[in-house]
Amino acid sequence: MQKKTVEIIGAGLSGLVAANRFAQLGWKVRIHERNKDLRMFGAGIWIWESGLKTLETVGAYDQAVANARVIREWQIRDPKDRVLMSRRATPDDRLMLPPRADLYQALIDRAMARKVEIITSSEAVDVSGDGTTVFADGSSRKADLVIVANGAHSRLREQILGTKWIDYGSEIGIRMLIDERPEDNKDTLIEYWNGNWRLLYNPCTDGRNYIFLSAPVNDARARRIPIDSDLWVEKFPGVRNLISRFQVDGRWDRLVNVKCRKWTEGKVAIVGDAAHAMPPNLGQAANTAFINVMALAEIMSKPEAMQDVAATLIKWESQQRSITDHVQWWSYLYGYVLGRCPPMLTGLRSGVLRAVSRTGWFDRNLNKGARYVPDGYVATDARNS
Ligand SMILES: Cc1cc2nc3c(=O)[nH]c(=O)nc-3n(C[C@H](O)[C@H](O)[C@H](O)COP(=O)(O)OP(=O)(O)OC[C@H]3O[C@@H](n4cnc5c(N)ncnc54)[C@H](O)[C@@H]3O)c2cc1C
């Protein structure tokens, strides 16, 4: 029997997880990346239980987390170093922080081992519902399924009229790795807030830790490259030992939210940041993409799926929307409460957050995406390896 074919546009994390899962389920997979090399921008990445289960299923877990720190707790602290929120991880509700480069390489290596065809310098310029993709060099290909995984600023999404809105938000962010020192904490993520400025410390690997900074978009001083360390010491004097190790280069990014009118058009499905980018408040955007991609592979691999691909994709979207909307909404709410609170209300905000974050309701909602069991999850002994 002929294999079913899928063309995937974009070799980011979402595209590569999709490539692996579809290949694993017997599809012939081709993935296109517009850049001439496969490279991953960024420092570390929070991978929660749902994401780790995905990596186990596609066989990338061991390599992806080989150098990762196992995180015990995520804390939010106010300028007086008081803990506003604490979220603990456990062996059944894990959080790990691999370097992005390790995660990316693990997914590439598994894809290559599965004979996924990875084509670089291949930019898709148009997709249509009949499964045709047109490329910048004028060539075109037709497949049983097209997966658009080309990031938050996807033009292909616009072409199939998927974009409902993009919120460019009020924050910018920058990521960097810093050298580790013996006194650095090794298992707790600490998110310091002062007004609308944030400094997030992430223990990452043996030797390097990951820092994320965010600031209001209109703060010209915060936006400087090289980073204005004096400003960050003024905001967070208690962690000047981290700030003294800041890298001088890097890039400030606008932290965007993307909402789609729809994720599908005929034989085309939109996934990952192209479908639901969200600011990195809960560290769940990529994890949510993994959940959705796993569900897509599962539903599309059912024998009856090919009888009506468009209807199957609509079903997939309706299944996955609620968990995605939930994570996106909580991420937005979090960003709003912590990042946009007027200065005169920060005392009140801290009190409310401290009280509410101890409730079961808050815990369940904040962590719904992180604890979600992806469709098609295959339990392995990865957590013991
Ligand atoms: C500061 C920051 C921290 C974050 N931290 C976390 C975290 O801790 N945990 C978490 O779960 N998420 C996190 N995220 C979100 C996470 O990084 C993204 O959700 C994830 O990387 C999105 O992957 P993607 O593959 O959907 O898109 P992208 O990573 O944007 O990949 C898209 C790929 O498509 C390629 N491409 C674009 N257009 C075309 C085209 N026309 N043809 C071919 N190729 C094309 C691009 O070159 C790129 O390689 C964070 C985001 C930010 C900004």
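Shown above is the structure to which this text applies.
A. Focus on the site of the ligand. Every one of the 31 residues lining the ligand counts as a neighbour, but G10, G12, G151, G272 and A286 are closest to it. Elements supplying a minimum of two residues to the shell around the ligand: α1 (13-24), β14 (171-179) and α9 (285-300). The class makeup of the residues in the shell around the ligand is twelve nonpolar, 13 polar and six charged.

B. Spatial organisation of the sheet that holds strand β8 (residues 117-119). The six strands are arranged β8-β2-β1-β12-β21-β20 in an open sheet whose pairing can be described as mixed. Because the sheet does not close on itself, it has two edges, and the strands there are β8 and β20 (264-265). The pairing of strand β1 (residues 5-9) with strand β2 (residues 28-32) spans five bridges and is parallel. Opposite E7, over in β2, you have R30 as the bridge partner.

C. Structural view of the environment of V83. Position of V83 among the secondary structure elements: in strand β6 (residues 83-88). In this structure, the C-alpha to C-alpha distance between V83 and E191, residues 108 residues apart in sequence, is 9.6 Å.

D. Quick peek at the nonpolar core. A18, A19, L107, I147, V148 and V271 are the most contacted members of the largest nonpolar core, which totals 103 residues. Per-element tally for this core: the top contributor is α9, with eleven residues. Sequence-distant contacts of A18, that is, excluding residues within four places in its chain, are made with I8, I147, A149, V271, V293 and A297.

E. Looking closely at the packing of α1 against α9. Direction vectors running N to C along α1 and α9 enclose 30°, while the axes themselves pass 9 Å from each other. If you check the angle between α1 and α9, you find them roughly parallel. Two packed elements cross with a definite hand, and for α1 against α9 that hand is right-handed. Counting all contacts with α1, which are made through L13, S14, V17, A18, R21 and F22, the residues of α9 involved are A286, A289, F290, V293, M294 and A297.

F. View of the sheet that holds strand β4 (residues 69-70). What the three strands build is an open sheet, ordered β3-β7-β4; its pairing is antiparallel. Of all strands in the sheet, those with a lone pairing partner are β3 (47-48) and β4, marking the two edges. Across two bridges, β3 lies against strand β7 (residues 95-97) in antiparallel orientation. Opposite W48, over in β7, you have L95 as the bridge partner.

G. Broad picture of helix α4 (residues 100-113). Taking 1.5 Å per residue, 14 residues should reach 20 Å; α4 reaches 20 Å between its end C-alpha atoms and fits that length. Along α4, the positions that sit buried rather than exposed are R100, D102, L103, Y104, A106, L107, I108, R110 and A111. Looking at the packing, one finds that the buried side of α4 touches α1, α3 (61-64) and β8. Looking one or two residues beyond α4, the residue adopting positive phi is K115, at roughly 65°.

H. Expanded view of unusual backbone geometry. In this model, I225 is joined to P226 through a cis peptide bond whose omega is 0°. Relative to the assigned elements, P226 resides in the loop between β17 (208-216) and α6 (229-235). In the Ramachandran plot, K115 falls in the positive-phi region, its phi being about 65° despite a non-glycine side chain. When the 9 C-beta atoms within 10 Å are taken as the criterion, K115 is described as exposed.

Rules of the game
Residues numbered from 1 in each chain as written. Predicted model: local features only at pLDDT ≥ 70, side-chain atom pairs only at ≥ 80, totals over all residues. Near = placed C-beta within 6 Å. Helix = DSSP H or I, 4+ residues; strand = E, 2+ residues; numbered from the N terminus. Nonpolar A, V, L, I, M, F, W, Y, C, P; charged D, E, K, R; others polar. Pairing = 2+ DSSP bridges. Core = buried A, V, L, I, M, F, W, Y, C linked by C-beta atoms within 7 Å. Buried ≥ 20, exposed ≤ 12 C-beta atoms within 10 Å, placed from the backbone. Contact = placed C-beta atoms within 7 Å. Axes fitted to C-alpha atoms, helices over the stretch in contact; angles between N-to-C directions. Parallel < 35°, antiparallel > 145°, perpendicular 65-115°, else oblique. Left-handed = near helix turned anticlockwise from the far one by under 90°. Expected span 1.5 Å × (residues − 1).

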